[in-house]
Amino acid sequence: MERGLFGFILRYSKREQWMIVPLVVASMLILFASLDLPKTIVNEPIQGKRFPNPDSTVAFLRIAPTLPDFLGGQQVLFEGFALERAPYLVALSLTFLALIIVSGLLKLKINTMKGWMGERMLRRLRYTLFDHILRFPLPHFRRVKSAEMATMIKDEVEPLGGFIGEAIISPLFLGGQALTALFFILYQHIYLGIIAFFMVIVQAVVIPRMRRRLLVLTKERQIAARQLAGRIAECVDGVVEIHAHDTSNYERAEISARLGKMFLIRFELFQRKFMIKFLNNFLSQVAPFLFYLVGGYLAIAGRLDIGTLVAVIAAYKDLPSPVKELIDWDQQRMDVQIKYTQVVEQFTTDDITKPEIQQIIDMPELPRQGDVRASNLTLLDESGNKVLDGVSFEFDLAEHVAIVGHAGGGGSEMAQVLSRLVPPSSGTVEMGGIDITRAPEAVTGRAIGYVGATAYLFPVSVRENLLYGLKHRPVLESSYEGESLSKRETELRESAKAGNSIHDIRAEWIDYEAAGVSGSEEMEGRILEVLRVVDLEEAIFEVGLRSSVRAGQGPGLAESVLRARDTMRARLDMPGIKELVERFDLARFNRNATLAENLLFGTPVGKTFDVDNLARNPYVRKVLDESGLSGDLLKVGHKLAETMLELFSDLPPGHELFERFSFIQHDDLPHVKEILAQVADVGLDRIQEADRNTLLALPFKLISARHRLGLIDEALEARILEARRLFARNLPEELRTAIEFFDPTKFIGAASLQDNILFGKIATGQAESNARVGRVMREVLDELKLRPLVVTIGLDYQVGTGGARLPVADRQRIAIARAILKRPAVLVFDQAAAVLDLASKKRLLDNVLACRKGCGVYWVLNRPGLAERFGRVLVMEKGRLVERGKFAELRESGGALQKLLTA
Amino acid sequence: MSLEQEVELIRQFPIFSKIQPAKQKLLCFSSERLTFEAGQVMFRAGDVGDACYIVIEGRVEITVETPKGPLVVNTLGRNEIIGEIAIFGDVPRTASATATTRLETLKISKELFHSVIRENPDAALELIRILASRLANTTAQLIKTRTSN
């Protein structure tokens, strides 16, 4: 990257900058004309200088240039229009107006072009910085903070875009403007010119001097702000430690100190800024005072005509502001240059990866057969210690190799060098005759599947995470037509002009061929296979069952689910499990469902009929009133409130029983107590509307079978059923989308797959009912061959930031699956399964090795005993390869492996 | 059976009889009514104990594994408590429990039981008394076994 800002600007926008220059020159000429014209207007039509008689005329727009004599002296090209005094005034004024308009339009054009250019350059700068991040060598990331990088690209370079547009044009334009005005004044009268010149000099010399301190402060402010961002990110990342060690107040003090420092910097900045503003204003206003005094005296003395004086004062009005802006520009220049240099420094490192290494290669030559040959690998860490020391070995490409040794023995480094994430300090790695240490990432990223001990998942769906390893290049361009085509062309042109990537993000990036499948459908099958290898299919299946899906998702989904529902019903009719599920039945009250579910007889879509909003919903209230249920529910609510108060009022806040069983939050208890006192005072019918709502809201979460409070008797059940019918019958058109009714023949999009198939509630009170119903459901889904469908739905599950919505072990499994899916020549795993428990780990190892039969695997293991499954074992100790060979032979040899095994 | 009836029931247990009525009610409300079919295993020896059960109706067989096969050590019925040892010591279930008839129970979770004991010294004393008498019982049995050998 260019070290200086102007180098960067000139290199990438010279042409655009030049294109604006003619516009600037034109606008200067017009400015001069518009300064000169008022003089003519005042002197000629107003004061009547060229109108000796009332009927005298003057030629308007006469074109008669005076050429040198050898070209024939004065030539009259156009006689002009002869105008009397008043029309002449009008004509001149209109000309003035025209000049103003043209100059305004020119300014508009110049500003637009500046903005355009600036934005393009900003885009280029941001892209270049991001490109640098992608090319940083891995050890570099130990020194940088992610939050700081992000703020630099996002916020700190923002003002650069504005400035780049101004960088060359503004001084040209403003300087031209100031010079034009100055020249004009000088041309009118030498004394007045000298006054104006003197003022400009004072402004241009004094103010920048005062601003020097400002620059220092700005720089300090920028650094302090960036460190603040980094520090906040640290606190967020380390929040567990903060709580665990009670250091929150230390952190508060720390941040407070930083904010205090920033406050002082900013305060000094403001003080100085306002002082400078004051001086600037004063200087620009003191000049007219001199003009009135000196110019007025000259006019009285008859040495200056009034028109000229008016024009000079008008011209001077245009002088301080360009000078001021020019000074501002210069200030901004220094400011922005500092920013640029600082940002670029942060993004510059000597060992940055060359762009060729990451170039897109459609069909790189990949290692197919031959050997993996490491020769004399040495790796130095940052302080020059040898973490790998002269390691050499040679195995067939298809061999399964375990790397074992004590922690810090060099296994992890070995894995990183083998996968070329870290280039060795000396020595080479060859795979199938290709030098991996020099190969482009197009080769290493496809031929090698690396998974570390804590792999990262992107916050997208499970499926997209799995496919991530196949997105090396756009495989199939999207096709565009008509309007979208021209839009795409504009996009492409702009990308190219800003030096950005021209590859289409909307193209098909997934390389199905590399995964050995023909397209997305076959890919689903392949993903299922790989999920089974990493023991994740069951977990994803569970997730799928819990997901809610729209009926349109996947062909025949709704039909399949309904089929499963029917089969499930038939199965649940069998004796022994019949009583485990209480199915939804329009004509019956479901004692295992909440009162709200019983009333609505459907699943709410959105917030309208959410259980917390029901008591306040006008339509629900109407239904309750009409069916005469309001009074009953209010009584139930009242009873419930009394019971809750009795049960929970002397438990401390945050007691776990509260969280799990109470209908009323601890904080709300006193309020409910007051309401009950009110009820005792005035009776249930005469309490306030808000209190009434509070009580009415309570029973909606009541489940008769589970809570066993005996509050809903059969008569009340019947009335709720009546209200259910009323609710459905009179539901206004606009509320129809807010609920999906339980209908045995309809798929419920708002409910989970599991609930859709069950179409009822699992009865409470039956031992192991959940597990038993779950088993039946699995059987049904297996019989109907719907298991893959459910897994497919589970694959759409969003994993959250860094995969946080999944257990750590499952994250590793997904990362391993991702590596297997792209079918690399060699898998390199660095303790990839370390977080799994021993039994799962063994199973995973066996599965992975079985599926990679005939393809290379290098696995750094923290348990040497597991190496038995591998064809070859490498034992690392303090960066040296101390032993290699077959497990069975080394186990008994009395060497390093045996020591490890017995340790 | 409603909550009120359950409260009546647990009042008959010495451990719970001394705690305040509101707490007895809370205990029932926070517990789970659980039905087992005849032959259904409630828990097995070696399982982690997460709850104890009060028998409302039905019969339970307590068995231990011996080299000669399962040995029935006890049969429990109405108004008896099962599985309380494992939720106080950090030991797994010492025996297996199987319903021999259709069995109605009140399942009290470990956390709930702990909080009741923690807040009610009388209940704690009662529990100690029960455990002490069991210990005496076991010791007596041990002596009998030793001397007969």
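Being a predicted model, the structure only gives us computed values, none of them experimental. (Residues numbered from 1 in each chain as written. Chains lettered and ligands numbered in written order. Predicted model: local features only at pLDDT ≥ 70, side-chain atom pairs only at ≥ 80, totals over all residues.)

A. Representation of the overall build of chain B within the structure. Regarding its fold elements, chain B presents five helices and eight strands. The secondary structure elements of chain B, listed N-terminal to C-terminal, are α-α-α-β-β-β-β-β-β-β-β-α-α. Projected onto its principal axes, the C-alpha coordinates of chain B cover approximately 50 × 35 × 25 Å. With 149 residues in all, chain B has 26% of them scored as buried. Here the contacts in chain B between residues at least 6 apart in sequence split such that 72% fall between residues at least 24 apart. (Helix = DSSP H or I, 4+ residues; strand = E, 2+ residues; numbered from the N terminus. Buried ≥ 20, exposed ≤ 12 C-beta atoms within 10 Å, placed from the backbone. Contact = placed C-beta atoms within 7 Å.)

B. Quick peek at the overall build of chain A. The helix and strand tally for chain A stands at 32 helices and 16 strands. By residue count, 32% of the 903 residues in chain A fall in the buried class. Pairs at least 24 apart in sequence give 78% of the contacts found in chain A among residues at least 6 apart.

C. Looking closely at the interface of chain A and chain B. Counting residues at the interface gives 11 residues for chain A, matched by 13 residues for chain B. Of all the elements in the fold, those that place two or more residues in the side of chain A that touches chain B are helix H20 (629–648) and helix H21 (656–661) of chain A. The element that contributes the greatest number of residues to the side of chain A that touches chain B is H21(A), accounting for three residues. For the side of chain A that touches chain B, the class distribution of residues is five nonpolar, three polar and three charged. (Nonpolar A, V, L, I, M, F, W, Y, C, P; charged D, E, K, R; others polar.)

D. Quick peek at the packing of helix H1 (residues 5–46) of chain A against helix H9 (residues 306–317) of chain A. Residue and element names in this part refer to chain A. For the pair H1 and H9, the least separation of the axes is 8 Å and the interaxial angle reads 150°. One element, H1, and the other, H9, form an angle in the roughly antiparallel class. Helix-helix and strand crossings are classified by hand; for H1 and H9 the assignment is right-handed. Mapping the contact onto sequence places Leu35, Pro38, Lys39, Val42 and Asn43 in H1 and Ile306, Gly307, Thr308, Val310, Ala311, Ala314 and Ala315 in H9. Tallied by class, residues from the contact of H1 with H9 come to eight nonpolar, three polar and one charged. (Axes fitted to C-alpha atoms, helices over the stretch in contact; angles between N-to-C directions. Parallel < 35°, antiparallel > 145°, perpendicular 65-115°, else oblique. Left-handed = near helix turned anticlockwise from the far one by under 90°.)

E. Representation of the packing of helix H3 (residues 146–156) of chain A against helix H6 (residues 190–237) of chain A within the structure. Residue and element names in this part refer to chain A. At a closest axis distance of 8 Å, the pairing of H3 and H6 adopts a crossing angle of 135°. The angle between the axes of H3 and H6 places the two elements in the oblique class. Remark: the crossing between H3 and H6 carries right-handed chirality. Contact residues: Ser146, Ala147, Glu148, Thr151 and Glu156 in H3; Gln222, Arg226, Ala229, Gly230 and Ala233 in H6. Across the contact of H3 with H6, the residue classes tally to three nonpolar, four polar and three charged.

F. Geometry of the sheet that holds strand S1 (residues 32–36) of chain B. Residues and elements named next belong to chain B. Spatial ordering of the open sheet is given by S1-S8-S3-S6, a layout of four strands whose pairing is antiparallel. Sheet topology places S1 and strand S6 (81–82) at the edges, where each strand pairs with a single neighbour. With six bridges connecting them, strand S3 (residues 51–57) and strand S8 (residues 103–109) associate as antiparallel partners. Counterpart to alanine 51 in the pairing with S8 is serine 109. Helix-sheet contacts for helix H4 (residues 110–119) involve S3 and S8, and the interaxial angle to S8 is about 65°. (Pairing = 2+ DSSP bridges.)

G. Main features of the sheet that holds strand S3 (residues 371–380) of chain A. All names here are of chain A. Within the open sheet, the four strands sit side by side as S4-S3-S6-S7. Their pairing is antiparallel. Strand pairing shows two members of the sheet lacking a second neighbour, strand S4 (386–396) and strand S7 (434–435), which therefore form its edges. When strand S6 (residues 426–431) meets S7, the two strands line up antiparallel, connected through two bridges. Residue pairing across strands places glutamate 430 opposite aspartate 435, the latter belonging to S7. Against the sheet, helix H11 (residues 411–418) touches S3, S4 and S6, its axis set at about 60° to S4.

H. Examining the nonpolar core more closely. Residue and element names in this part refer to chain A. If you look at the biggest cluster of nonpolar residues, it comprises 175 residues, and the most contacted ones within it are Ile403, Ala817, Val826, Tyr858 and Val873. Per element, the largest residue contribution to this core is eight residues, and it comes from H20. In this structure isoleucine 403 touches Gly411, Met414, Tyr858, Trp859, Val860, Leu861, Leu874 and Met876, once residues within four positions along its chain are discounted. Core analysis: the second largest hydrophobic core is formed by 53 residues, Ile20, Val157, Leu160 and Ala287 among them. (Core = buried A, V, L, I, M, F, W, Y, C linked by C-beta atoms within 7 Å.)

I. Region of the structure containing the confidence of the model for chain A. The share of residues in chain A with pLDDT of 70 or more is 99%, and the mean pLDDT across the chain is 88. Predicted confidence in chain A is weakest over H21(A), with a mean pLDDT of 72, and strongest over helix H29 (residues 808–821) of chain A, with 95. (pLDDT = per-residue confidence, 0-100.)

J. Representation of the pairing of strand S8 (residues 448–451) of chain A within the structure. All names here are of chain A. Covered by surrounding structure in S8 are Ile448 and Tyr450 together with Gly449 and Val451, the residues of both alternating faces. Sheet topology note: the S8/strand S13 (residues 826–830) ladder contains four bridges and is parallel. By the bridge assignment, glycine 449 is partnered in S13 with leucine 827.

K. Main features of helix H15 (residues 520–533) of chain A. All names here are of chain A. In this model, H15 (14 residues) spans 20 Å end to end at C-alpha, consistent with the 20 Å of a helix rising 1.5 Å per residue. Along H15, the positions that sit buried rather than exposed are Met523, Ile527, Val530, Leu531 and Val533. Taken down its axis, H15 places every buried residue within 145° of arc, on the same side. The exposed residues of H15 that point more than 90 degrees off its buried face are Glu521 and Gly525. Each element contacted by the buried residues of H15 is listed here: helix H13 (462–467), helix H16 (537–546), helix H28 (787–794), H29 and helix H30 (838–851). Directly beyond the C-terminal end of H15, a positive phi value near 65° is found at aspartate 535. (Expected span 1.5 Å × (residues − 1). Arc of directions from axis to C-beta.)

L. Seen up close, the environment of A:Gly760. Here A:Gly760 shows up in strand S12 (residues 760–762). The contacts of A:Gly760, once residues within four sequence positions are left out, are A:Val581, A:Glu582, A:Arg583 and A:Phe584.

M. Spatial organisation of helix H10 (residues 320–346) of chain A. Residues and elements named next belong to chain A. Taking 1.5 Å of rise per residue, 27 residues should cover 39 Å, and H10 covers 39 Å from first to last C-alpha, within 8% of that figure. Listed in full, the buried residues belonging to H10 are Pro320, Pro322, Val323, Lys324, Leu326, Ile327, Val336, Lys339, Tyr340, Val343 and Val344. On its buried face, H10 is in contact with H1, H3, helix H4 (158–166), helix H5 (169–188), H6 and helix H8 (248–300).

N. Representation of unusual backbone geometry in the model. Residues and elements named next belong to chain A. Despite not being glycine, aspartate 246 has its phi angle at roughly 50°, a positive value. Its place among the elements puts aspartate 246 in the loop between helix H7 (239–244) and H8. One non-glycine residue, lysine 785, lies in the positive phi region at around 55°. Note on placement: lysine 785 falls in the loop between helix H27 (769–783) and H28. Its 9 C-beta neighbours within 10 Å are what place lysine 785 among the exposed residues.

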